[in-house]
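The lines below spell out each chain.
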Amino acid sequence: VSLLLSNPILAEDITKPEGILPGNPFYFLDILFENIRLSLADDPEEFSLVAMNIADERVHEIEYLFFNREYDSVEKTLKRYGETIEKIDEIVPELSTETLNQWDGELDFGDSVLVSIGFELFLNPPEISEEEIKLLQKELEIALEKEHKVDDHVYQELVEREQRLE
């Protein structure tokens, strides 16, 4: 915590994600193209790769939007992130052991970004209503729970496969 207090994250420290950002009237096109990419995936392996790339993109958007005080877009993007994570969780049983090993703990980056945003909300609350802060905290908690569920699911699936081999 002392590290966070001595080195606050500033908006200028966060790289702007490429492409159309949430809040842009044309952002729906970004979502549309992502859904098309997911629907064109030939198998669960490819689907998981596309979905993980989309999840990573959402995390970068969340981080950028939060530290640029676009809180309404952060809330909506957290929900989209959670939806992507749920899509990944649905296909875990269909993935190869090699892919599961690759994805084991892969969501840690998103986890660390979301936790740092949670700390920032706690230590340096933005100048928005208490209700809006609680809503952001709730969406952060939901997204983190979904991440942990996928991580647990991947780990469980790997353990079960290992036990079947014994």
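The model shown is predicted, which means the values in this text are computed figures rather than measured ones. (Residues numbered from 1 in each chain as written. Predicted model: local features only at pLDDT ≥ 70, side-chain atom pairs only at ≥ 80, totals over all residues. Heavy atoms only, no water.)

Caption draft 1: Molecular detail of the overall build of the chain. A tally of helices and strands in the chain yields seven helices and zero strands. Mapped from its N terminus to its C terminus, the chain presents α and β elements in the order α-α-α-α-α-α-α. Burial status across the chain gives 40% buried among its 166 residues. Restricting to contacts in the chain with at least 6 residues of sequence separation, those with at least 24 account for 77%. Accessible surface computed for the chain: about 9,800 Å², of which carbon and sulfur atoms make up 52%. (Helix = DSSP H or I, 4+ residues; strand = E, 2+ residues; numbered from the N terminus. Buried < 20%, exposed > 50% of the residue type's maximum accessible area, 1.4 Å probe, protein only. Contact = heavy atoms within 4.5 Å. Areas by Shrake-Rupley, 256 points an atom, 1.4 Å probe, with all protein chains shown as cover.)

Caption draft 2: Looking closely at a nonpolar patch on the surface. A contiguous nonpolar surface patch, about 390 Å² in accessible area, is contributed by Leu32, Phe33, Ile36 and Leu40. Along the chain, the position of Phe33 falls in helix 2 (residues 27-39). (Patch = residues over 30% accessible without salt bridge, like charges linked within 9 Å, V, L, I, M, F, W, Y side chains within 5 Å. Salt bridge = Lys/Arg side-chain N within 4 Å of Asp/Glu carboxyl O.)

Caption draft 3: The pattern of salt bridges, seen in detail. Per the counting criterion, the structure on display carries 10 salt bridges. Between Glu61 and Arg58 there is a salt bridge, with the nearest N and O atoms lying 2.7 Å from each other. With a gap of three residues between them, Glu61 and Arg58 both fall in helix 3 (residues 44-67), about one helical turn apart. Of the two residues, Glu61 and Arg58, neither departs from the other in class, the shared state being buried. Across the pair Lys149 and Asp89 runs a salt bridge whose closest N-O atoms are separated by 3.4 Å. Pair noted here: Lys149 is in helix 7 (residues 130-165) and Asp89 is in helix 4 (residues 71-91), with a separation of 60 residues, a long-range link. Overall, the relative accessible area of 9% leaves Asp89 in the buried class. Salt bridges sharing partners connect three or more residues here, namely Asp30, Glu34, Glu57, Arg58 and Glu61.

Caption draft 4: Seen up close, the packing of helix 2 against helix 3. At their nearest, the axes of helix 2 and helix 3 sit 9 Å apart, and the two run at 160° to each other. Accordingly, the angle class assigned to the pair helix 2 and helix 3 is roughly antiparallel. Once helix 2 is placed against helix 3, the crossing between them reads as left-handed. Residues Tyr27, Asp30, Ile31, Glu34, Arg37 and Leu38 of helix 2 lie in contact with helix 3, whose contacting residues are Phe47, Val50, Ala51, Asn53, Ile54, Glu57, Arg58 and Glu61. Classifying every residue of the contact of helix 2 with helix 3 by side-chain character gives seven nonpolar, one polar and six charged. (Axes fitted to C-alpha atoms, helices over the stretch in contact; angles between N-to-C directions. Parallel < 35°, antiparallel > 145°, perpendicular 65-115°, else oblique. Left-handed = near helix turned anticlockwise from the far one by under 90°. Nonpolar A, V, L, I, M, F, W, Y, C, P; charged D, E, K, R; others polar.)

Caption draft 5: Summary view of the confidence of the model for the chain. In this model, the chain carries an average pLDDT of 88, and 90% of its residues clear a pLDDT of 70 or more. Per-element confidence in the chain is highest for helix 2, whose mean pLDDT is 96, and lowest for helix 1 (residues 2-6), whose mean pLDDT is 42. Note that pLDDT drops below 50 for residues 1-6; the model gives that stretch five contacts with residues more than four away or on any other chain. (pLDDT = per-residue confidence, 0-100.)

Caption draft 6: Inspection of the environment of Leu114 at higher detail. Structurally, Leu114 is set in helix 6 (residues 108-123). Judged by its relative accessible area of 1%, Leu114 falls in the buried class. Residues Leu114 and Ala143 lie 29 residues apart in sequence; the distance between their C-alpha atoms is 8.2 Å. In this structure, Leu114 is in contact with Ile62, Leu78, Tyr81, Leu140, Ala143, Leu144 and Glu147, ignoring residues within four places of it in sequence.

Caption draft 7: Seen up close, the side chain of Glu75. With respect to the helices and strands, the residue Glu75 is situated in helix 4. For Glu75, a relative accessible area of 16% translates into the label buried. Excluding residues that lie within four positions of it along the chain, Glu75 makes contacts with Leu135, Leu136 and Glu139.

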